[in-house]
Amino acid sequence: FDSAGKLKSTIEQRITGLSIHSLIGACVLFDKPRAILTQIPKSVLMGLFLFLGTSALPGNEMWERMKELFKDSKIAPKERWSKVPTKVTMLFTAIQMGCLGAMVYVKESPIGVLFPVVIAMLAPLRFWLEKSGVVKKEYMDILDEE
């Protein structure tokens, strides 16, 4: 920390990752850690995962573009993708939402074992959108940068 109390830098250490993965391995391989985990109520775990999921949304580009659909473009702060025409941004976001819906549908259906196939089809879809001219290459580079 500097004199103002702001974080100046971090030092990489591998103990945290090693500890986390060791605990996960212990829960998978041994009965005692699994028995301890079964004592945690399911509602607590669901609340934890809900919190982790919602806290990860800010900064996610798809989420930010979805929120932008409901903002007034004249007063909203300019984002990196504001160089792309609004219709193209909306179309790309709608396609992403459709893919997300398809992934959830397949995962929850009796053909859930085909879920990896849906994931594998996302890259060819992206290249098809670019190649067919639905989304120009320069726009796709901006929208799909991160």
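Since the structure is predicted, the reported quantities are computational estimates derived from the model, not experimental observations.

Undergrad: Would you explain the overall build of the protein in this entry?
TA: Helix and strand content of the protein: 8 helices and 0 strands. Counted from the first residue to the last, the protein has its helices and strands arranged as α-α-α-α-α-α-α-α. What you see for the protein is a C-alpha radius of gyration of 21 Å, clearly larger than the 15 Å of a compact globule of 146 residues, by over 25%. In terms of principal-axis extent, the alpha carbons of the protein reach across some 60 × 55 × 30 Å.

Undergrad: Explain the pattern of salt bridges here, please?
TA: Here the idea is simple: oppositely charged side chains can pair when their charged atoms come close. Here the structure, examined in full by the defined rule, presents 6 salt bridges. Lys-107 serves as the salt-bridge partner of Glu-108, at 2.6 Å between the closest nitrogen and oxygen. Looking at Lys-107, the relative accessible area reads 46%, which means it is partly exposed.

Undergrad: Could you clarify how one ought to interpret the environment of Glu-108 in this entry?
TA: Mapped onto the fold, Glu-108 is located in helix α5 (residues 86–108). A sequence separation of 22 residues divides Glu-108 from Glu-130, and the C-alpha atoms of the two residues are 30 Å apart.

Undergrad: Would you mind showing me how to read the side chain of Arg-126 here?
TA: Mapped onto the elements, Arg-126 comes out in helix α7 (residues 122–131). You can call Arg-126 buried: its relative accessible area is 19%. Discounting chain neighbours no more than four positions away, the residues touching Arg-126 are Met-140, Asp-141 and Asp-144.

Undergrad: For this particular structure, what's the right way to read the nonpolar core?
TA: It is characteristic of soluble globular proteins that their nonpolar side chains tend to be buried jointly. The biggest cluster of nonpolar side chains holds 10 residues, and these are Trp-81, Val-84, Val-88, Phe-92, Leu-129, Val-135, Tyr-139, Met-140, Ile-142 and Leu-143. Elements supplying a minimum of two residues to this core: α5 and α8 (137–143). Element by element, the count of residues in this core is highest for α8, at 4 residues. Once you skip the residues sitting within four places of it in the chain, Leu-129 turns out to touch Ile-95, Val-134, Val-135 and Met-140.

Here is what the cut-offs are and how they apply
Residues numbered from 1 in each chain as written. Predicted model: local features only at pLDDT ≥ 70, side-chain atom pairs only at ≥ 80, totals over all residues. Heavy atoms only, no water. Helix = DSSP H or I, 4+ residues; strand = E, 2+ residues; numbered from the N terminus. Rg over C-alpha atoms; globule rule 2.2 N^0.38 Å. Salt bridge = Lys/Arg side-chain N within 4 Å of Asp/Glu carboxyl O. Buried < 20%, exposed > 50% of the residue type's maximum accessible area, 1.4 Å probe, protein only. Contact = heavy atoms within 4.5 Å. Core = buried A, V, L, I, M, F, W, Y, C linked by side-chain atoms within 4.5 Å.

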